[in-house]
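Single-letter residue listing:
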Protein chains: 2
Amino acid sequence: MKKKLLISDIAKQLNVSITTVSFILNGKAKEKRISDDLTERVQKLVEEVGYRPNQLAQSLRTGKTRTIGLMVEDISNPFFANIARLIEERAYQEGYKIVYCSTEDDSDRTKELISMFRDMHVDGYIITPPQGVEEDVEKLIKDGFPVVLVDRQVAGIHTHCVIVDNLSGAYNATAHLMEQGYQNIAFVTTDSRQSQMLQRLEGYRKALAEKQLEPAVLEVPYRYDAKQMLRKIVSFFEETESIDAVLFATNYMAVRGLEAISQFNPQGLPANLGVASYDDHDVFKLLKPTITAVAQPTEAIANHVINLMLHLLNPKNKTSEADTIVLPTQLIIRNSTPRKEVVA
Amino acid sequence: MKKKLLISDIAKQLNVSITTVSFILNGKAKEKRISDDLTERVQKLVEEVGYRPNQLAQSLRTGKTRTIGLMVEDISNPFFANIARLIEERAYQEGYKIVYCSTEDDSDRTKELISMFRDMHVDGYIITPPQGVEEDVEKLIKDGFPVVLVDRQVAGIHTHCVIVDNLSGAYNATAHLMEQGYQNIAFVTTDSRQSQMLQRLEGYRKALAEKQLEPAVLEVPYRYDAKQMLRKIVSFFEETESIDAVLFATNYMAVRGLEAISQFNPQGLPANLGVASYDDHDVFKLLKPTITAVAQPTEAIANHVINLMLHLLNPKNKTSEADTIVLPTQLIIRNSTPRKEVVA
DNA sequence: TTGAAAGCGCTAACAT
DNA sequence: ATGTTAGCGCTTTCAA
C-alpha cells in the first residue's frame, strides 16, 4: 500500500492551494499572514494523515539536502568512531543527516568519495584529509561549500580546522618516560607525512633534545597490513636491543606493537620496558600492565567540528575567517611506564 | 565556480536532443539504435567536460536512489563494523551507496531511523532489528521494499534473514569448557529477549543438561552502562564463588567481565578460572591469557546479506521466498580455557 | 491572504 | 534513429 501522500492531497482536502500548505509547512505562515485557523487545520491534517514532503523533490527544488558528508580515515578506529557518533548525534538534533565513509587515507579513494558526496548534493563536508587531495578540497571551498578539516591540517587547504596539540601531546609523553628514568626511548610511527604524525615526531624529538638523548625512530609504511607491521616492529626491537621504552604514535600501532612485543617476549611486557601510546584505546586499561596513553579530547573535537559546520551552514552567518582550533591532549599515566629500576 | 553542467548543455553542444543523450547515458544506445558514431561522440564529450547527471533529479524521476539503508545495533562494535565495511564495499562495486546508522537496539530510535530512511528514499533495508519494530518492518515489506534481516530473527517479521547458528556456537563453547574439566560454568548475558541471545542461552543450557550440570546465568540489563555492568558482574562473582568457568554471551560483555574479574582479582585471571566469549574480538588475542571465543563468520554474513539484497533489488528477479540463511560459527580455542587442574 | 504557474534536471512514452 | 514533451513533487515569484 504505497499510497504516497502529496502536498496536493492535503491542499485538496482542505480546499486550499498547494502554495498555502507549502508556506505553512515551511514555517512561513506568519510571514505570509495566513490565518491561524487555517494554519492549524493544515497542521492537524498533516499530522493526522502522516504526510511527509518528498525530500527528493524538496532538495531538487531548493538545492539543499540537509545532509553533511563526513569522511574519516577509518571508521572502525575507536577514535574516529567516537567522533563520528558524537557529530552525528548533534547533527540529527539540528535536523541534519550525516553520511559517512572511510578514506583509508587513500587520496584516490578520497577523491572518489568527494565526488560521490558532490553527486549526492551534501550541504557540507567534514574531512580528515589524506595528502594529495588539496586541489579537490580547495575546489570544494571555491565552489562555496562549507568544509571543516579534522585531526590534521594540510598545507594548501585554507579552511576551518579542528586539531589537537600533537606536539605537546607527544612531548609530554616522552618527557614522562624520561622522568621515569628511561633513556633509550624509541618512537614507532608511520611513514605518512601527515601534519599530525609529523608533529608527534617533533614533540618526541624536542623532549629528547632537551636532555641530549638520541632519538630512535621506526617508520612503518602505512600500507603495511597487520602482519607486516608486526614483523617490522619485531625486527626493529631485535635490532635495537638497548631500547628501554617505546612511544607508539597511534593506538593501532600500539596494539600491533604490543602483539609484537609479546611475541618477542611471551611472558608479557618485559618488566623494564616502558610503553606509552599516543591516542588512547579502550583496551589499554584492560591489558596487563595497563598502558599509559595520550588521550585526545574526542568530545571537544566533535563539538567544535559540528558547531563550526552548523555555523557555516547557516546562511545568516557571513563567511567567517578560516580558523584553526587547537585542543589540548591529556596524558593518562597507567602502569606501563613505571619508574625504571636502575640496574646497578 | 559552480557552473553546473546540464544534460541540455551536452545535447546543445552536439546538436542532438536531450533524449538521445539520456538514452546513451543510460546504456540504451543499442536498444534505441543510436549510431555508434553519435554514441561515441556523446560519451567523449561527457567525459571531457565532466558532466554528471543530477542524482536528485534522476531519483525524483525514477523513484530509485541506488542507496541501501543499513541499520546495525552498534557500528562501533567490531562485529558490526566489519560487516558494515564488507557490505559497503560490495555495494559500491555494484553502484550502490550505503548509508548506515546504529539502532542502539532501541525500538523507538529504530522506528525513527526507518522513517528517516524512507524519507531519504533508500531502495532497500538491511536491519539488525531490535524488538518492538515488527510492525514498522512489516509495513516496509508490504510496501514492497526489499528487507534483509541480519544477526537475529524476529517473530512476526517474514522476510529474508542471515543469521548464525547461535545455539551450536554456545553449545560448542560450553562443551569445550566441560571437556576441559570445568564443572560450574556461568553464563553472563543480557536481559534482551532477542533471538540470538536466547539461542545462545539455550545452547549453553543444552550442553550443561547433557552432563547434568547446573546452569548459573547472570542477566545484565542491556541498558546498563559500562560501570553498572561491571559492578553487576563483580557482585555476581562474589556471590557465586563456586564458579570455575564463565562464558560471556557477547564480546563487549566479555570485555567488561574481564575488567570485572581483574578488579576482583588484580593479579589477572585466576589461574583456575576458565573464560570464553561468544563473538570474537581483536583484543582477545592480545590479552594474557588470550581468550577462547566463538567466532562468527563476518565475511560470509556480509556476503550473503549483500548478495540477497542485490538480488532483491534487481527488478528482473521475481520476489523469491523469504529464506533464512544460517551460518556456522567457529570455536577458537585460546589460552583462557586450559584443562582444569584437579585440586585433589 | 491566497492561488496559478514556472521551474529544479532528468527519464521515457509517444511521435516522427 | 532521434526529437517533443509530459511529468516526478516541491518551492516561490508574481499576480490577484
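All values reported here derive from a predicted model rather than from experimental measurement. (Residues numbered from 1 in each chain as written. Chains lettered and ligands numbered in written order. Predicted model: local features only at pLDDT ≥ 70, side-chain atom pairs only at ≥ 80, totals over all residues. Heavy atoms only, no water.)

## Side note on the protein's contact with DNA strand D
Part 1 of the reasoning: Neighbouring DNA strand D are 27 residues; Tyr51 and Arg61 of chain A together with Thr19, Arg33 and Arg61 of chain B lie closest to it.
Part 2 of the reasoning: When the atoms of DNA strand D within 4 Å of the protein are sorted by group, sugar and phosphate make up 63%.
Part 3 of the reasoning: At 2.5 Å from a base oxygen of DNA strand D is found a side-chain nitrogen or oxygen belonging to threonine 19 of chain B.
Part 4 of the reasoning: Those elements that provide at least two residues to the surface near DNA strand D are helix H2 (18-25) and helix H4 (55-62) of chain A together with helix H2 (18-25) and helix H4 (55-62) of chain B.
Part 5 of the reasoning: A per-class count over the surface near DNA strand D returns 11 nonpolar, 11 polar and 5 charged. (Near = heavy atom within 4 Å. Polar contact = N/O pair within 3.5 Å; in protein donor to acceptor, adjacent residues only side chain to side chain. Helix = DSSP H or I, 4+ residues; strand = E, 2+ residues; numbered from the N terminus. Nonpolar A, V, L, I, M, F, W, Y, C, P; charged D, E, K, R; others polar.)

## Here's the deal with the pairing of strand S6 (residues 185-190) of chain A
Residues and elements named next belong to chain A.
Part 1 of the reasoning: The element S6 is extensively covered by neighbouring structure, given that 6 of its 6 residues are classed as buried.
Part 2 of the reasoning: Of the two faces of S6, the one holding Ile185, Phe187 and Thr189 and the one holding Ala186, Val188 and Thr190 are both buried throughout.
Part 3 of the reasoning: Direction of pairing for S6 relative to strand S8 (residues 245-248): parallel, over a ladder of 4 bridges. The residue of S8 that forms the bridge with alanine 186 is valine 246.
Part 4 of the reasoning: In terms of strand pairing, S6 meets strand S7 (residues 216-220) through 5 bridges, oriented parallel. Along S7, the bridge assignment pairs phenylalanine 187 with valine 217.
Part 5 of the reasoning: In this fold, S6 hands off to helix H9 (residues 195-210), which returns the chain to S7; that crossover is right-handed. (Buried < 20%, exposed > 50% of the residue type's maximum accessible area, 1.4 Å probe, protein only. Pairing = 2+ DSSP bridges. Right-handed = clockwise from strand over helix to strand, strands pointing away.)

## Some remarks on the relation of the copies chain B and chain A
Part 1 of the reasoning: Once chain B is rotated about the relating axis by 180° and shifted along it by 0.1 Å, it coincides with chain A to within an RMSD of 0.1 Å. Expressed as a symmetry operation, the mapping of one chain copy onto the other fits a two-fold axis.
Part 2 of the reasoning: Here 100% of the interface residues in chain B have copies in chain A that are interface residues too; the copies meet face to matching face. (Least-squares fit on C-alpha atoms with pLDDT ≥ 70 in both. Contact = heavy atoms within 4.5 Å.)

## Comments concerning the interface of chain B and chain A
Part 1 of the reasoning: Counting residues at the interface gives 39 residues for chain B, matched by 39 residues for chain A.
Part 2 of the reasoning: Carbon and sulfur atoms supply 63% of the area buried between chain B and chain A, which totals about 3,800 Å² over both sides.
Part 3 of the reasoning: Here chain B and chain A share 2 salt bridges between them.
Part 4 of the reasoning: At the surface where chain B touches chain A, the tally comes to 4 residue pairs in polar contact (both at pLDDT 80 or more).
Part 5 of the reasoning: Here the element with the most residues in the side of chain B that touches chain A is helix H6 (residues 107-120) of chain B; it accounts for 6 residues.
Part 6 of the reasoning: Across the side of chain B that touches chain A, the residue classes tally to 19 nonpolar, 9 polar and 11 charged. (Buried area = accessible area lost by both parts, 1.4 Å probe. Salt bridge = Lys/Arg side-chain N within 4 Å of Asp/Glu carboxyl O.)

## Quick notes on the domain arrangement of chain A
Interface size, as often reported, equals the accessible area lost upon joining of the parts.
Part 1 of the reasoning: Here the domain parsing of chain A yields domain 1 (7-53), domain 2 (63-162 + 299-326) and domain 3 (166-296).
Part 2 of the reasoning: The C-alpha-based centres of domain 1 of chain A and domain 2 of chain A are spaced at 35 Å. (Domains from an automatic or database assignment.)

## Points about the nonpolar core
Part 1 of the reasoning: Grouped together as the largest cluster of nonpolar side chains are 101 residues, with contacts concentrated most on Ile87 and Ile301 of chain A together with Ile87 and Ile301 of chain B.
Part 2 of the reasoning: Residues in contact with isoleucine 87 of chain B, not counting those within four places in the same chain, are Leu70, Ile98, Ile126, Ala302, Val305 and Ile306 of chain B.
Part 3 of the reasoning: Counting 54 residues, the second largest nonpolar core, distinct from the first, contains Ala254 and Phe284 of chain A together with Val188 and Val234 of chain B. (Core = buried A, V, L, I, M, F, W, Y, C linked by side-chain atoms within 4.5 Å.)

## Thoughts on the pairing of strand S9 (residues 274-278) of chain A
Residue and element names in this part refer to chain A.
Part 1 of the reasoning: The buried fraction of S9 is high, at 5 of 5 residues.
Part 2 of the reasoning: Neither face of S9 is open: one carries Gly274, Ala276 and Tyr278, the other Val275 and Ser277, and all of them are buried.
Part 3 of the reasoning: The pairing of S8 with S9 spans 4 bridges and is parallel. Bridge pairing links alanine 245 to glycine 274 in S9.
Part 4 of the reasoning: Note: S9 against strand S10 (residues 292-295), 3 bridges, orientation parallel. The residue of S10 that forms the bridge with serine 277 is alanine 293.

## A closer look at H2 of chain B
Residues and elements named next belong to chain B.
Part 1 of the reasoning: Listing the buried residues of H2 in full gives Thr20, Val21 and Ile24. One side of H2 carries all its buried residues, which in axial view fall inside an arc of 95°.
Part 2 of the reasoning: On the buried face of H2, the contacting elements are helix H1 (7-14) and helix H3 (36-49).
Part 3 of the reasoning: Downstream of H2 by a residue or two, glycine 27 has a phi angle that is positive, lying close to 65°. (Arc of directions from axis to C-beta.)

## Quick word on the sheet that holds strand S6 (residues 185-190) of chain B
Residue and element names in this part refer to chain B.
Part 1 of the reasoning: Read from one edge of the open sheet, 6 strands run S7-S6-S8-S9-S10-S12, paired in mixed fashion. Across the chains shown, the open sheet's two edge strands, defined by having one partner strand only, are strand S7 (216-220) and strand S12 (330-332). Shown here is a sheet whose adjacent strand axes are inclined to one another by a mean of 20°, direction ignored.
Part 2 of the reasoning: Sitting on the sheet, helix H8 (residues 166-179) touches S6, strand S8 (245-248), strand S9 (274-278), strand S10 (292-295) and S12, and the angle it makes with S8 is about 165°.
Part 3 of the reasoning: Helix-sheet contacts for helix H10 (residues 226-239) involve S6, S7 and S8, and the interaxial angle to S7 is about 160°. (Axes fitted to C-alpha atoms, helices over the stretch in contact; angles between N-to-C directions.)

## Here we look at unusual backbone geometry
Part 1 of the reasoning: Backbone torsion omega between lysine 288 of chain A and proline 289 of chain A reads -10°, so that peptide bond is classified as cis.
Part 2 of the reasoning: By the element assignment, proline 289 of chain A lies in the loop between S9 and S10.
Part 3 of the reasoning: In this model, aspartate 279 of chain A sits at a positive phi of 90°, which is unusual for a non-glycine residue.
Part 4 of the reasoning: Of note, aspartate 279 of chain A is situated in the loop between S9 and S10.
Part 5 of the reasoning: Here arginine 33 of chain B, not a glycine, exhibits a phi torsion of approximately 50°, which is positive.
Part 6 of the reasoning: Looking at where arginine 33 of chain B falls in the secondary structure, it is placed in the loop between H2 and H3.
Part 7 of the reasoning: Using a relative accessible area of 78% as the deciding quantity, one classes arginine 33 of chain B as exposed.

## Focus on the protein's contact with DNA strand C
Part 1 of the reasoning: Surveying the vicinity of DNA strand C reveals 27 residues, the closest of which are Ser17, Arg33 and Arg61 of chain A together with Tyr51 and Arg61 of chain B.
Part 2 of the reasoning: Protein-proximal atoms of DNA strand C, defined as those within 4 Å of the protein, fall in sugar or phosphate at a share of 64%.
Part 3 of the reasoning: Between DNA strand C and arginine 61 of chain A, the relevant distance is 2.8 Å, taken from a base nitrogen to a side-chain nitrogen or oxygen of the residue.
Part 4 of the reasoning: At 2.4 Å from a base oxygen of DNA strand C is found a side-chain nitrogen or oxygen belonging to arginine 61 of chain B.
Part 5 of the reasoning: Split by residue class, the surface near DNA strand C holds 11 nonpolar, 11 polar and 5 charged.

## Re the sheet that holds strand S11 (residues 324-327) of chain A
Residues and elements named next belong to chain A.
Part 1 of the reasoning: Strands sit in the order S2-S1-S3-S4-S5-S11 across an open sheet of 6 strands; the sheet is parallel. Bordering the open sheet on either side are strand S2 (97-102) and S11, each of which pairs with just one other strand. Taken pair by pair, the neighbouring strands of this sheet meet at an average axis angle of 15°, ignoring direction.
Part 2 of the reasoning: Bridge count between strand S3 (residues 124-127) and strand S4 (residues 147-150): 3 bridges; the pairing is parallel. Residue isoleucine 127 lies in a different strand from S4, and its bridge partner there is leucine 149.

## Remarks on H3 of chain B
All names here are of chain B.
Part 1 of the reasoning: Here H3 spans 20 Å end to end across 14 residues, near enough to the 20 Å set by a 1.5 Å rise per residue.
Part 2 of the reasoning: Here H3 has its buried residues at Leu38, Thr39, Val42, Leu45 and Val46. Along the axis of H3, the buried positions cluster into a sector of 135°, meaning they face one direction only. Away from its buried face, by an angle of more than 90 degrees, H3 presents the exposed residues Glu40, Lys44, Glu47 and Glu48. (Expected span 1.5 Å × (residues − 1).)

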